[in-house]
Amino acid sequence: MKKIIFIITLIFSFPAQAGLSEYLEQLKTDVSATWSSSKYDVYIPLYAWHNRLTYDDEHIDKYNENPWGFGIGKSYYDKDGDWHGLYGMAFKDSNKHLETFFGYAFMKNWTLDSDGDFKIGIGYTLGLTQRSEWYYLPVPAPLPIAGIEYKNIAIQAAYVPGVKNDGNVLFVWTKIPLYQLND
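Presented here is a report on the structure given in the accompanying data block.

Calculation notes
- Think of each chain on its own: its residues are numbered from 1, step by step along the sequence as written.
- Predicted model: local features are reported for residues with pLDDT of at least 70 only, side-chain atom pairs are reported and counted for 80 or more only, and whole-chain, interface and lining totals are derived from all residues.
- In computing side-chain properties, one takes all heavy atoms of the structure into account and sets aside hydrogens as well as water.
- Secondary structure elements follow DSSP: runs of H or I of four or more residues count as helices, runs of E of two or more count as strands, with numbering from the N terminus.
- A 1.4 Å probe rolled over the protein chains alone gives each residue an accessible area, and that area as a share of the maximum for its type sets the label: buried under 20%, exposed over 50%, partly exposed in between.
- Think of a polar contact as two N or O atoms within 3.5 Å of one another; within protein, one of them needs to be a possible hydrogen donor and the other a possible acceptor, and neighboring residues in sequence only count if both atoms come from side chains.
- Residue contacts are counted whenever heavy atoms from the two residues lie within 4.5 Å of one another.
- Only Phe, Tyr and Trp rings are paired, with Trp represented by its six-membered ring, and only when their centres lie within 6.5 Å; those with planes under 30 degrees apart are stacked, over 60 edge-to-face, the remainder tilted.
- Charge-over-ring contacts are defined here by two conditions on Lys NZ or Arg CZ: a distance within 6 Å of the ring centre and an angle within 35 degrees of the ring normal.
- Multiplying 1.5 Å by the residue count of a helix minus one yields the expected span of that helix.
- Each direction from the helix axis to a C-beta atom contributes to the arc, which is the arc of those directions.
- Between Lys or Arg on one side and Asp or Glu on the other, a salt bridge is scored when a side-chain nitrogen of the former is within 4 Å of a carboxyl oxygen of the latter.
- Residues belong to one nonpolar core when they are buried, are Ala, Val, Leu, Ile, Met, Phe, Trp, Tyr or Cys, and are joined through side-chain atoms within 4.5 Å.

**Points about the overall build of the protein chain**
- Scanning the protein chain from N- to C-terminus turns up three helices and eight strands.
- Reading the protein chain from its N end, one meets helices and strands in the order α-α-β-α-β-β-β-β-β-β-β.
- By residue count, 44% of the 183 residues in the protein chain fall in the buried class.

So this is what it looks like as structure tokens:
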């Protein structure tokens, strides 16, 4: 519970300085623009790295780090070139059980080349996850994310903070454009 409170405090501490109501209004606008977008993506989970500094060998040996799964979502790039996404993913968790994650993500992007093809970014996702040990009840999961992108194909990652032998997982996936409907 402490880690969830810490993450929520971290995510909302920056917007609180500018005014929470302004932040929530902008979030509503961004989610709506993303929902209205005609750009669809496929998400493919790639790796779930358990931080070796926080896990003993017994746990590392039994945990799954190959989160086979699939997801789909919608993307929106705002006037600043920042990425917004609405998505859902289902994959094998660390215990080889089904886990789902649905959310909104924002990533502040910086362009690395003159053509604008290469980008790096950092941001956050606000989502709900469901896991077997929580009886598949939806649990809020605000997480930090980062990514690198080439022509809208991205490798993105979220870090799930935690305590000894729990959490502290770097979850990596790829985002591939599926198609764009005509506007």
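**Things to note about the side chain of Glu65**
- As for its position among the elements, Glu65 is in the loop between α3 (57-62) and β2 (69-77).
- Note on Glu65: relative accessible area 13%, which makes it buried.
- Within the structure, the side chain of Glu65 is placed 3.1 Å from the side chain of Tyr47, a separation counted as a polar contact.
- If we ignore the near neighbours within four places in the chain, the residues touching Glu65 are Tyr47, Ala48, Trp49, His50 and Arg52.

**Quick look at the environment of Phe91**
- Locating Phe91 in the fold gives a position in strand β3 (residues 83-92).
- Once residues lying within four places of it in the same chain are set aside, the contact partners of Phe91 are Pro45, Pro67, Trp68, Gly69, His97, Leu98, Glu99, Phe101 and Phe171.

**Some thoughts on the packing of aromatic side chains**
- Counted by the stated rule, this structure contains seven aromatic pairs.
- Each ring, one from Phe106 and one from Tyr124, has its centre 5.9 Å from the other, and the planes form 45 degrees; the classification is tilted. You can see Phe106 sitting in strand β4 (residues 98-111) and its partner Tyr124 sitting in strand β5 (residues 118-130), a full 18 residues away along the chain. An identical accessibility class is assigned to Phe106 and Tyr124; each is buried.
- On the numbers, 4.6 Å between centres and 40 degrees between planes, the contact of Phe118 with Tyr150 is tilted. One end of the pair, Phe118, is in strand β5; the other, Tyr150, is in strand β6 (residues 139-150), and 32 residues separate them in sequence.
- Here Phe118 falls in the partly exposed class, since its relative accessible area comes to 37%.
- Following the ring pairs from residue to residue traces out a cluster consisting of Tyr43, Tyr87 and Phe101.
- Directly above the aromatic system of Trp35 lies the positively charged group of Lys74, at a separation of 5.3 Å from the ring centroid.
- Over the ring of Trp134 we find Arg131, and its NZ or CZ is 5.7 Å from the ring centre.

**A word on helix α2 (residues 20-36)**
- An ideal rise of 1.5 Å per residue puts 24 Å on 17 residues; α2 measures up with 24 Å between its terminal C-alpha atoms.
- Considered for burial, the residues of α2 that qualify are Tyr23, Leu27, Asp30 and Thr34. Looking straight down α2, one finds that the buried residues subtend no more than 70 degrees of arc, so they occupy a single side. Opposite the packed face of α2, turned more than 90 degrees from it, sit the exposed residues Ser21, Lys28, Trp35 and Ser36.

**Points about the pattern of salt bridges**
- A full pass over the atoms with the stated rule returns seven salt bridges.
- Here Asp80 ties to Lys79 by a salt bridge, and the two come within 3.8 Å at their closest N and O atoms.
- The class of Lys79 is exposed, set by a relative accessible area of 79%.
- Linked by salt bridges that have partners in common, Asp93, Glu99, Arg131 and Glu133 make up one network.

**Remarks on the nonpolar core**
- With 20 residues, the main nonpolar core has Trp83, Met89, Ile145 and Trp173 as its most contacted residues.
- Of all the secondary-structure elements, those providing two or more residues to this core are β1 (39-50), β3, β4, β6 and β8 (169-180).
- A per-element tally of this core places β3 first, with four residues.
- The residues touching Trp173, leaving out its near neighbours within four places in the chain, are Tyr43, Ile44, Pro45, Leu46, Met89, Ile145, Ala154, Ile155, Gln156, Ala157 and Ala158.
- Residues Leu27, Tyr104, Phe106 and Tyr124 belong to the second largest nonpolar core, which totals six residues.

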